Amino acid sequence: MEEIARELKKAHAEGKGVVELALLSREKLGSGFGVISFIASFRLAFDIPLPVLQRAQAWEGFGWGGLQITDEEFTAVLLPWLAKK
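In this convention, every chain numbers its residues from 1, walking through the sequence in written order. In keeping with the predicted nature of the model, local features appear solely for residues at pLDDT of at least 70, side-chain atom pairs appear and are counted solely at 80 or more, and the whole-chain, interface and lining totals rest on all residues. Only hydrogens and water are removed before side-chain values are computed, so all heavy atoms of the structure are retained for them.

## What about the nonpolar core?
In plain terms, the rule: The criterion is simple. A nonpolar core is a set of buried Ala, Val, Leu, Ile, Met, Phe, Trp, Tyr and Cys residues joined through side-chain atoms within 4.5 Å. When accessible area is computed with a 1.4 Å probe and restricted to protein chains, residues below 20% of their type maximum are described as buried, those above 50% as exposed, and intermediate ones as partly exposed. Strands are runs of DSSP state E lasting at least two residues, helices are runs of H or I lasting at least four, and both sets are numbered from the N terminus onward.
The biggest cluster of nonpolar side chains holds 26 residues, and the ones touching the most others in it are L8, F38, F42, F46, I48, F74 and L78. Among the secondary structure elements, those contributing two or more residues to this core are α1 (2–13), α2 (18–29), α3 (35–46), α4 (50–56) and α5 (71–83).

Shown next as structure tokens:
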């Protein structure tokens, strides 16, 4: 998980946006990708509080079902935390 966090930090420093970072996380984790691994990787990389990540995990791009949020909402939830890094 620490390797994924490093890759997310690097990609963020290179200018990748929130959606791109989420897709990178999913790509790098492969079959190990899920709600918990998403939350863990973003928390480790960007020190985002758990309640924020729990809201973000509803992003429609993950396709986990239930109440989903759009790309714009997903970005709005996470961007303030990434801007601090």
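Back to the write-up after that little detour.
## Topic: the packing of aromatic side chains
Basically, it comes down to this: Each pair of aromatic rings taken from Phe, Tyr and Trp, with Trp reduced to its six-membered ring, is defined by centres within 6.5 Å and is described as stacked if the planes are under 30 degrees apart, edge-to-face if over 60, and tilted in the remaining cases.
Taken as a whole and judged by the stated rule, the model has 10 aromatic pairs. Measuring from centroid to centroid gives 4.9 Å for W59 and F62, while their planes differ by 85°, and the two rings are edge-to-face. Neither W59 nor F62 differs from the other in exposure class; each is buried. Grouping aromatic residues by their ring pairs yields a cluster made of F33, F38, F42, F46, W59, F62, W64 and F74.

## With respect to a negative patch on the surface
How we decide: Distance thresholds for patches are 9 Å for like charges and 5 Å for nonpolar side chains (Val, Leu, Ile, Met, Phe, Trp, Tyr), applied to residues having over 30% relative accessible area and no salt bridge. Shrake-Rupley sampling with a 1.4 Å probe provides the accessible areas, and residues are treated as covered by the protein chains on show and by no other component. Any carboxyl oxygen of Asp or Glu within 4 Å of a side-chain nitrogen of Lys or Arg constitutes a salt bridge here. None of His or the chain ends enter the tally, which takes Lys and Arg as positive and Asp and Glu as negative. Lys charges are placed at NZ, Arg charges at CZ, Asp charges at CG and Glu charges at CD.
Negative charge collects at one region of the surface, where E60, D71, E72 and E73 lie side by side. With respect to the element layout, E72 can be found in helix α5. Exposure remark for E72: the relative accessible area of 60% places this residue in the exposed category.

## With respect to α1
How we decide: In a helix, the anticipated span is given by 1.5 Å times the number of residues less one. Directions are taken from the helix axis to each C-beta atom, and the arc is the one they span. Here, residues are in contact when the closest pair of their heavy atoms is within 4.5 Å.
Given a rise of 1.5 Å per residue, 12 residues ought to cover 16 Å, and the 16 Å separating the end C-alpha atoms of α1 matches this to within 8%. Regarding α1, the residues found buried are I4, A5, L8, A11 and H12. Along the long axis of α1, the arc covered by the buried residues comes to 125°, so they all point the same way. Every exposed residue of α1 that faces more than 90 degrees away from the buried side is listed here: E2, K10 and A13. On its buried side, α1 packs onto α2, α3 and α5.

## Brief notes about the packing of α2 against α3
Operational definition: Note on geometry: axes are C-alpha line fits, over the in-contact stretch for helices, and angles between N-to-C directions span 0 to 180 degrees. Small angles under 35 degrees read as roughly parallel and large ones over 145 as roughly antiparallel, with 65 to 115 read as roughly perpendicular and the rest as oblique. A crossing counts as left-handed when the near helix is turned anticlockwise from the far one by less than a right angle, and as right-handed when that turn is clockwise. Gly is placed with the polar residues, together with every amino acid not listed as nonpolar (Ala, Val, Leu, Ile, Met, Phe, Trp, Tyr, Cys and Pro) or charged (Asp, Glu, Lys and Arg).
It is at 10 Å that the axes of α2 and α3 come closest, and there the two elements cross at 120°. Judged by the inter-axis angle, α2 sits oblique to α3. Where α2 crosses over α3, the handedness of that crossing is right-handed. Across from L21, A22, S25 and L29 in α2, the residues of α3 making contact are S37, S41, F42 and F46. A breakdown of the residues in the contact of α2 with α3 according to their chemical character gives five nonpolar, three polar and no charged.

The values are spatial; any link to function lies outside them.
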